[in-house]
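Close look at the chain arrangement
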Amino acid sequence: MRLIVTREMEPVPGWDTIVAPCVAFEPLPVTALPGRKLLLVSSPRSVDVAVEHAQGREVHALAPATSNALEERGVTVTRAVHGGVAELLDGVEPAEAVLLTSDLGVHHAARWPDLHAVATHRTTCPDSLAPEALAALEGEFAVLFASPSAVANFERLAHGAISRAQRVLCHGRSTIVAARRLGALAPEAFNLESLHAS
């Protein structure tokens, strides 16, 4: 069975991997942040902004890519969590936090009205799915999603394919919810770090 990975990453050990990114990114300018004590960082694409605004704040980040990127830039990460924004907010008082995320992440963060979410980058959908991934859709395949936007874009690029996948692997609760909404019968939670360790 082929595994279609919808983000840039190394091949997954034990799988016949097809890397077919379903999200493109464009940086957005961020000049100031409110003076809240917690800085929550949900994406490696938010690291530049986090580095500029981390001083005097407690920094929480998603692991491993975002937390590692922050540590490499000299920012101490107080709490690194696996999953998505929902997991990042577990045990956090939203009124004390600023979330650095994508434009879509800001939209999804509206369910926490006291949280101040800032878009550091815009997500867009590529024009097409990689030809090798399109060919894989004709047989048995699994698909790996790391974000709700990857789920939505994959559905745009390969309408109905999510419901035909033999396995749907999702990173974070919000990604599982997005996959269910678009037809995944039994999406499975996974963690990027443990996936590479297997």
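Before reading further, recall that the structure is shown in the block above.
What you see is a predicted model; the values in this text were computed from it and never measured. (Residues numbered from 1 in each chain as written. Predicted model: local features only at pLDDT ≥ 70, side-chain atom pairs only at ≥ 80, totals over all residues. Heavy atoms only, no water.)

1. Here we look at the sheet that holds strand S1 (residues 2–5)
The line we're drawing: Paired strands, in this sense, are two strands between which DSSP finds at least two bridges. Think of it this way: any DSSP run of H or I at least four residues long counts as a helix, any run of E at least two long counts as a strand, and we number them from the N terminus.
One open sheet holds the 5 strands; their spatial order is S2-S1-S9-S10-S11, and the pairing between them is parallel. Each edge of the open sheet carries a strand with a single partner, namely strand S2 (16–19) and strand S11 (188–189). Sheet analysis places S1 next to strand S9 (residues 141–145), joined by 4 bridges and oriented parallel. Looking at S9, one finds that Val5 is bridged to Leu144.

2. Focus: the sheet that holds strand S8 (residues 116–124)
Quick reminder of the rule: Lines fitted to the C-alpha atoms define the axes, with helices restricted to the stretch that makes contact. Angles between their N-to-C directions range from 0 to 180 degrees.
Spatial strand order, S3-S8-S7-S4-S5-S6: 6 strands in an open sheet with mixed pairing. Each edge of the sheet is formed by a strand with only one pairing partner; in this case those strands are strand S3 (24–27) and strand S6 (79–81). On average, each strand axis in the sheet is inclined to that of its neighbour by 20°, with strand direction left out of account. Across 5 bridges, the pairing between strand S7 (residues 97–102) and S8 is parallel. Residue pairing for S8: Ser102 is matched across the bridge by His121.

All quantities given are derived from atomic positions and should not be read as evidence of function.
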